[in-house]
Amino acid sequence: MSIENSSELVCLEVAGRYLHLKYLAVVRCIRLKSVCLSAPNLSTFNCVGAKVSIAFLNVPKLAQVCICGTYLSAIGPAISCLAEYASPLETLVLDVRRTDNNIQLHKFPVLARVKRLKLIVAARENQSRLVFSPLIVACPNIYKLELEIGRWASTIASRAQAFPEFTLECLKVVEFVGFAGHTNDVELVSYLIKIAVNLEKMIIVPHGPSSITSWWNHGDENNLRIARALAKQLQDRFSLGDKLVLA
């Protein structure tokens, strides 16, 4: 079931002991303030565009949650609600299309039960990719981290920042879609290798993410060839051996 573009919906309650609903999407309902979920067969929940408080009451089969907002301020309330979710969550997808260095000011709750984290993000071309590290820190027990990174041109200078020091002992697989070989891409790979102390596989995909419009042309054959060549250099630079997979 999908509820889209409603300007009247304020509170949504989905409840029923025998409810067979497996998929629910709430998309761009601008007045929506709260969602209450008690649906025993619900497996996928998507929330797009609204600053919403979500109560996960009885959703034992919920395997994937996707929270999408143009800015972090739009997804913050929903992330906070997930911290109180009592069951393991197979996949959490956070889709943030615009951000700035103020991401460091956001305090994210610990999402200890998330096992697979997917970040779909857009960053300024000259912005450190580590600016998104607080979202990763919030999920300390993930097994797999998937990154889809688009980039947009900007002349705004990035400020120097300190990024959190931590390790993710459960993180075994990292997939980076949108690797262009630029300095900030390599910086991110280096950081992920450092924190994933038990890393088994680093998947690098030079092709641009299909979910994000990027000013840098990943489809250009010359750009793609350069990105792949730079990706191969990671193998020796970080002693990855057969852990590195180029897709």
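Note that this is a predicted model, so its numbers are computed, not measured.

**Student:** Could you give me a rundown of the confidence of the model for the protein, with the residues and numbers involved?
**Tutor:** In the predicted model, the protein carries a mean pLDDT of 82, and the fraction of residues at 70 or more is 81%. Ignoring residues within four places in sequence, the model shows residues 153-160, a span with pLDDT below 50, making 13 contacts including any to other chains.

**Student:** Kindly report on the environment of Ile-120, identifying the contributing residues and their values.
**Tutor:** Looking at the element boundaries, Ile-120 is found in strand E9 (residues 116-124). C-alpha separation for the pair Ile-120 and Leu-94, spaced 26 residues apart in sequence, amounts to 6.2 Å.

**Student:** So, unusual backbone geometry: which residues are in play, and what are the values?
**Tutor:** Negative phi is the rule for most residues except glycine; trans is the rule for most peptide bonds. Even without glycine at this site, Arg-28 takes up a positive phi of about 50 degrees. Position of Arg-28 among the secondary structure elements: in the loop between strand E3 (23-27) and strand E4 (34-38). Given the relative accessible area of 46%, Arg-28 is considered partly exposed. A positive phi angle is found at Ser-239, which is not glycine, with a value near 50 degrees. Relative to the helices and strands, Ser-239 is located in the loop between helix H4 (221-237) and strand E13 (244-246).

**Student:** Pulling in residues and values, what's your account of the pairing of strand E8 (residues 91-96)?
**Tutor:** Here E8 lies mainly inside the structure; six of its six residues are buried. The side-chain alternation of E8 yields two buried faces, one formed by Thr-91, Val-93 and Asp-95 and the other by Leu-92, Leu-94 and Val-96. Pairing between strand E7 (residues 64-69) and E8: six bridges, direction parallel. By the bridge assignment for E8, Ile-67 is matched with Leu-94.

**Student:** With reference to specific residues and values, describe H4.
**Tutor:** Taking 1.5 Å per residue, 17 residues should reach 24 Å; H4 reaches 25 Å between its end C-alpha atoms and fits that length. Restricting attention to buried positions, one finds in H4 the residues Asn-223, Leu-224, Ala-227, Ala-231 and Leu-234. Seen along its axis, H4 keeps its buried residues to an arc of 95 degrees; they face one direction. Facing away from the buried side of H4 by over 90 degrees, the exposed positions are Glu-221, Arg-225 and Asp-236. Elements in contact with the buried residues of H4: helix H3 (183-195), strand E12 (201-205) and E13.

**Student:** Break down the pattern of salt bridges for me, citing the residues and quoting the values.
**Tutor:** With the rule as written, the count across this model stands at six salt bridges. Note that Glu-146 and Lys-144 form a salt bridge whose closest N and O atoms lie 3.8 Å from each other. Glu-146 sits in the buried class, given a relative accessible area of 8%. With a relative accessible area of 22%, Lys-144 lands in the partly exposed category. Of the charged contacts in the structure, one is a salt bridge between Lys-144 and Glu-175, with a shortest N-O distance of 3.9 Å. Separated by 31 residues along the polypeptide, Lys-144 in strand E10 (residues 144-152) and Glu-175 in strand E11 (residues 173-177) bring together distant segments of the chain. Overlapping salt bridges bring together Arg-116, Lys-144, Glu-146 and Glu-175 as one network.

**Student:** Could you give me a rundown of the sheet that holds E4, with the residues and numbers involved?
**Tutor:** Taken together, three strands build an open sheet; the order of strands is E2-E4-E6 and the sheet is parallel. Here the strands that pair on one side only, and so sit at the sheet edges, are strand E2 (11-15) and strand E6 (53-58). Strand-to-strand twist across the sheet, computed as the mean angle between neighbouring axes with direction ignored, equals 5 degrees. Where E2 and E4 come together, five bridges link them in parallel fashion. Bridge assignment links Glu-13 to a residue of E4, and that residue is Cys-36.

**Student:** Explain the side chain of Ser-6 to me, using residue names and the numbers behind them.
**Tutor:** Position of Ser-6 relative to the elements: it lies in the loop between strand E1 (2-4) and E2. Polar side-chain contacts of Ser-6 include one of 3.1 Å to the backbone nitrogen of Leu-9.

**Student:** Lay out empty space enclosed by the protein with the relevant residues and their values.
**Tutor:** Taken as a whole, this structure holds one cavity of 30 Å³ or more when the rule is applied. Considered as a void within the structure, the largest cavity measures approximately 60 Å³ in volume. Partitioned by chemical class, the residues of the lining of the largest cavity number nine nonpolar, one polar and one charged.

**Student:** An account of the packing of aromatic side chains is requested, with residue identities and associated values reported.
**Tutor:** A full pass over the atoms with the stated rule returns three aromatic pairs. A centroid spacing of 6.1 Å and a plane angle of 75 degrees characterise the contact between Phe-166 and Tyr-191, whose relative ring orientation is edge-to-face. One end of the pair, Phe-166, is in the loop between E10 and E11; the other, Tyr-191, is in helix H3, with 25 residues separating them in the sequence. There is no split in this pair, since Phe-166 and Tyr-191 are both buried. On the basis of an interplanar angle of 90 degrees and a centroid distance of 5.7 Å, the ring pair of Phe-176 and Phe-179 is categorised as edge-to-face.

Procedures and definitions
- Residues numbered from 1 in each chain as written.
- Predicted model: local features only at pLDDT ≥ 70, side-chain atom pairs only at ≥ 80, totals over all residues.
- Heavy atoms only, no water.
- pLDDT = per-residue confidence, 0-100.
- Contact = heavy atoms within 4.5 Å.
- Helix = DSSP H or I, 4+ residues; strand = E, 2+ residues; numbered from the N terminus.
- Buried < 20%, exposed > 50% of the residue type's maximum accessible area, 1.4 Å probe, protein only.
- Pairing = 2+ DSSP bridges.
- Expected span 1.5 Å × (residues − 1).
- Arc of directions from axis to C-beta.
- Salt bridge = Lys/Arg side-chain N within 4 Å of Asp/Glu carboxyl O.
- Axes fitted to C-alpha atoms, helices over the stretch in contact; angles between N-to-C directions.
- Polar contact = N/O pair within 3.5 Å; in protein donor to acceptor, adjacent residues only side chain to side chain.
- 1 Å grid on protein atoms, 1.4 Å probe; cavity = no way out; pocket = protein on both sides within 12 Å on 5 of 7 lines; lining within 4 Å.
- Points joined across faces, edges and corners; volume = space filled by probe spheres on them.
- Nonpolar A, V, L, I, M, F, W, Y, C, P; charged D, E, K, R; others polar.
- Phe/Tyr/Trp six-rings, centres within 6.5 Å; stacked < 30°, edge-to-face > 60°.

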